[in-house]
Amino acid sequence: IAKKYRLTEHELRKVLARKKPFFSYMFIGNIAISKDPFAKVGIMLSGKVTRGSVNRNFFRRRFYELSRPYLTQIKVHAVFVPKK
C-alpha cells in the first residue's frame, strides 16, 4: 500500500497509548479515530511471533495487501498485534 496509508512510528505509539482494543483468536486490534479522510494501518511483529527479518517483512507485506480494500471505507487508525 502507499505510504500515506501506513502508520508512522509516532502515530503507532499514539494509537497504542489511546487504544480501544478488541480481541480475536489470532490478533489484538487497537483502534483510534482518525482525522484523515482515509484509514491508516500498522502491524507490530515481534521476534517471538516471527523469527528473522525476512519472515517479518513477508507477513507485513501480506497484511498490507489484505487491508488494502478497507482503507477508503473507514476512517480510523488501526494497529494489529498478533498473538503467539
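Here the structure is a predicted model, which means the values were calculated and not measured. Counting from 1, residues in each chain are numbered in the order their sequence is written. Reporting in this predicted model follows two pLDDT cut-offs: at least 70 for local features of residues, and 80 or more for side-chain atom pairs to be given and counted; totals over whole chains, interfaces and linings ignore these cut-offs and use all residues. The side-chain values count all of the structure's non-hydrogen atoms but skip hydrogen atoms and water molecules.

1. Brief notes about the environment of Ala39
Inclusion rule: Helix and strand assignments come from DSSP, with helices taken as H or I runs of at least 4 residues and strands as E runs of at least 2, each series counted from the N terminus. We call two residues in contact when some of their heavy atoms are within 4.5 Å.
With respect to the secondary-structure elements, Ala39 resides in the loop between strand E2 (27-33) and strand E3 (40-43). Once you skip the residues sitting within four places of it in the chain, Ala39 turns out to touch Tyr5, Leu71, Ile74 and Val76.

2. Here's the deal with the packing of aromatic side chains
Heads up, the rule is: When the centres of two rings from Phe, Tyr and Trp lie within 6.5 Å, Trp using its six-membered ring, the rings pair. Their planes under 30 degrees apart give stacked, over 60 give edge-to-face, and anything left gives tilted. Two limits define a charge over a ring: the Lys NZ or Arg CZ must be within 6 Å of the ring centre, and within 35 degrees of the ring normal.
Considering all chains together, one arrives at six aromatic pairs under this definition. Through successive ring pairs, a cluster of aromatic residues spans Phe22, Phe27, Phe63, Tyr64 and Phe80. Its end group placed over the ring of Phe38, Lys4 keeps NZ or CZ at 5.3 Å from the ring centre.

3. Here we look at the sheet that holds E2
Definition in use: Between any two strands, pairing holds if DSSP finds at least two bridges. Inter-axis angles, ranging from 0 to 180 degrees, are taken between N-to-C directions of lines fitted to C-alpha atoms, where helices are fitted over the stretch in contact.
Pairing in this open sheet of four strands is mixed, and the strands run E1-E2-E4-E3 from one edge to the other. Where the open sheet ends on each side, the last strands, each with one partner, are strand E1 (20-23) and E3. This sheet shows a mean twist of 20 degrees between the axes of neighbouring strands, independent of strand direction. Pairing between E1 and E2: four bridges, direction antiparallel. The partner of Phe22 across the bridge, within E2, is Gly29. In the packing of helix H2 (residues 53-67) onto the sheet, the strands contacted are E3 and strand E4 (76-82), and the crossing angle to E3 comes to about 150 degrees.

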